[in-house]
Amino acid sequence: MDSRLEGIRDTVLARNPGEKEFHQAVIEVFESLGPVHDRHPEFLEGAVLERLCEPERQIIFRVPWTDDAGRVHVNRGFRVEFNSALGPYKGGLRFHPSVYLGIVKFLGFEQIFKNALTGMPIGGGKGGSDFDPRGRSDAEIMRFCQSFMTELYRHIGEYTDVPAGDIGVGGREIGYLFGQYKRITNRYESGVLTGKGISWGGSLVRPEATGYGTVIFAQEMLKTRGQSFDGQRVVVSGSGNVAIHAIAKAQSLGATVVACSDSAGYVVDEAGIDVELLRHIKEVERGRLTEYAARRGGATHVTGGSVWDVNGTVALPCATQNELDGDAAAKLVSNGLIAAAEGANMPSTREAVSVFQEAGILFGPGKAANAGGVATSALEMQQNASRDSWTFEHTEQRLTEIMVGIHDRCAATADEYGAPGNYVVGANIGGFVKVADAMLAQGLI
Ligand code: NDP
Ligand code: 2IT
């Protein structure tokens, strides 16, 4: 890391003790930014990095709710409004028992750069709760969402902060959250949340957007080496929103996706994952992958080990942070990997990224590769603002243009800063410069 940034890094780490995922995200960005400060001493003089690492506002609140048996539970809610230089805070809500401030801050920090890369007018934020939705009834989910929104509503708005989904938050949860917002405020403010249902202000392609976008990004990387998805053997982690649509898109481009996972294990299906069966089990039945293996001839379910034990030419980690470590990366490389693109946020550890880069693997970091979700959220905001709704084809075309644009900007920025083919450098510098310029232009805020 550039010696001028080390002191700033040390201060950030000391000011945010115990938040190891936030530390990891900050260090990873700082490691790319040395050359930027050679060209832009004004960023150092204006203390841009110090300001960027301190969220504009952090909200932590109690979320009490009752289960179906009438028992009272208390969870913790978070919304970190990180940076509004480019637009209203924008980013998802995650409901998962692992959520604490360090997770929300790593996600919010990454979101600033990701949103800048999309070229859309959106700042960075993230939120969520340590609530565990697993095994909860619809009525329990509804009561939790209503309680969560009963505090959150006063902090959000179409010009202020626009949440969406993330792990554990999909269309069902956004519906309950929107209903409660509308009820409390007496405003049909479509632009306050994205990921809404199609009949009440949502955008076509938003459910597919993150997974599709990740594959489009990977396809653009492959093209730089004269390759494509056609004939690739793909390994995907996760089996949620991002994974399902990444699998569908990769297979539509001629790849065979031979494995996917959830937190209990993984399935191997040499014939290629049956996306409709997977979608039905995961989205309709809210079931487990064991059921996929039970119903699909030729597929096997594996517990223990890791989905990265399965060999493939393309890896798409689409589950969660730090799910792919240095050993897993080394195994993938020795098994013939040529490309990896992150559908999840920070799924690869820093060691894994080094292994990929040293082996010359095409590597697309999450803040570039998974930006299609939030970009399509911004398209949903555009449709809401103009009281319009676009066709699937038009919206998908916009998504494709945005992803190709992100790819090309990352590649060009990496070239410009003397790191050709390094999409980590390209994404970090490309996102940072845009936000830093806007922050300086807006004065000391
Ligand atoms: P979902 O809740 O739909 O699916 C999450 C998947 O990841 C599930 O298969 C889940 O398995 C698995 N998973 C979650 N936590 C863990 C864990 N701790 N260990 C192992 N497996 C785990 O979430 P999404 O698909 O929406 O999100 C997946 C990733 O993509 C996240 O990193 C998210 O931040 C990122 N992302 C999402 C976007 C979106 O638009 N939704 C946009 C950009 C990034 P199980 O069911 O067993 O828990
Ligand atoms: O990590 C992400 O980019 C998301 N979860 C999507 C955020 C959004 O506002 O659509």
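Figured I'd write up the structure that's included with this text. Predicted, not measured: the structure shown is a model, and the values here were computed from it. For every chain, the first residue of its written sequence is number 1, and the numbers climb from 1 along that sequence. A letter from A marks each chain and a number from 1 marks each ligand, given out in the order of writing. Given that the model is predicted, a residue must reach a pLDDT of at least 70 before its local features are reported, and side-chain atom pairs must reach 80 or more before they are shown or counted; all residues, however, enter totals for whole chains, interfaces and linings. Only hydrogens and water are set aside; all other atoms, that is, all heavy atoms of the structure, feed into the side-chain values.

**Some points on the pairing of strand β1 (residues 57–66)**
Spelled out, the test is: Pairing between two strands is assigned when DSSP locates at least 2 bridges connecting them. Numbering of helices and strands runs from the N terminus, with a helix taken as a DSSP run of H or I at least four residues long and a strand as a DSSP run of E at least two residues long.
In terms of strand pairing, β1 meets strand β2 (residues 72–83) through ten bridges, oriented antiparallel. Within the sheet, the bridge partner assigned to I60 lies in β2 and is F78.

**A closer look at the packing of helix α6 (residues 101–118) against helix α18 (residues 423–441)**
The axes of two packed helices give the description: the angle between them and the distance between them. Condition: Axis lines are fitted to C-alpha atoms, over the contacting stretch for helices. Their N-to-C directions set the angle, which ranges from 0 to 180 degrees. Roughly parallel here means an angle under 35 degrees, roughly antiparallel means over 145, roughly perpendicular means 65 to 115, and every remaining angle is called oblique. In what follows, residue pairs with any heavy atoms lying within 4.5 Å of each other are defined as contacts. Think of it as three bins: nonpolar holds Ala, Val, Leu, Ile, Met, Phe, Trp, Tyr, Cys and Pro, charged holds Asp, Glu, Lys and Arg, and polar takes everything else, Gly as well.
Across the interface, α6 lies against α18 with an axial gap of 8 Å and an inter-helix angle of 85 degrees. By the angle class used here, α6 and α18 are roughly perpendicular. For the pair α6 and α18, the contacting residues are I112, F113, A116 and L117 in the first and A427, N428, G430, G431, F432, K434 and V435 in the second. Counted by class, the contact of α6 with α18 contains seven nonpolar, three polar and one charged residues.

**Some thoughts on helix α13 (residues 326–334)**
This is how it is decided: Using a 1.4 Å probe on the protein chains alone, a residue whose accessible area is under 20% of its type maximum counts as buried, one over 50% counts as exposed, and one in between counts as partly exposed. Directions are taken from the helix axis to each C-beta atom, and the arc is the one they span. Pairs of N or O atoms are called polar contacts if they sit within 3.5 Å, as long as, within protein, a hydrogen donor faces a hydrogen acceptor (for residues adjacent in sequence, only side-chain-to-side-chain pairs).
Buried residues of α13: G326, A328, A329 and L332, and no others. All buried residues of α13 lie within an arc of 160 degrees about the axis, which places them on one face of the element. Structural note: α13 exposes D327 and S334 on the side pointing more than 90 degrees away from its buried face. On its buried face, α13 sits against β10 (314–317) and α14 (350–358). Structurally, the start of α13 carries an N-cap: the backbone nitrogen of D327 is 3.2 Å from a side-chain oxygen of D325. One or two positions beyond α13, positive phi appears at G336, with a value near 105 degrees.

**Re the pairing of strand β8 (residues 265–268)**
Burial of β8 is two-sided: the residues G265 and V267 facing one way and the residues Y266 and V268 facing the other way are all buried. Relative to β8, strand β7 (residues 256–262) is paired through four bridges, and the arrangement is antiparallel. The residue of β8 that forms the bridge with C260 is V267. Two successive antiparallel strands, β7 and β8, enclose a turn made up of two residues. For β8 and strand β9 (residues 300–302), the ladder comprises three bridges, and the chain directions are antiparallel.

**Some points on the pattern of salt bridges**
The criterion, for reference: Salt bridges are identified by distance alone: a Lys or Arg side-chain nitrogen within 4 Å of an Asp or Glu carboxyl oxygen.
Using the criterion set out here, one finds 32 salt bridges in the structure. For R57, the salt bridge goes to E81, with nearest N and O atoms at 2.6 Å. In this pair, R57 is assigned in strand β1 and E81 in strand β2, connecting sequence segments 24 residues apart. The exposure class assigned to R57 is partly exposed, which follows from its relative accessible area of 42%. A relative accessible area of 1% means that E81 is categorised as buried. As a salt-bridge pair, D274 and R296 come within 3.8 Å of each other at their nearest N and O atoms. Of this pair, D274 sits in the loop between β8 and α11 (275–284) while R296 sits in the loop between α12 (289–295) and β9, placing them 22 residues apart in sequence. Among the ionic contacts, a cluster of salt bridges with common partners joins D2, R4 and D38.

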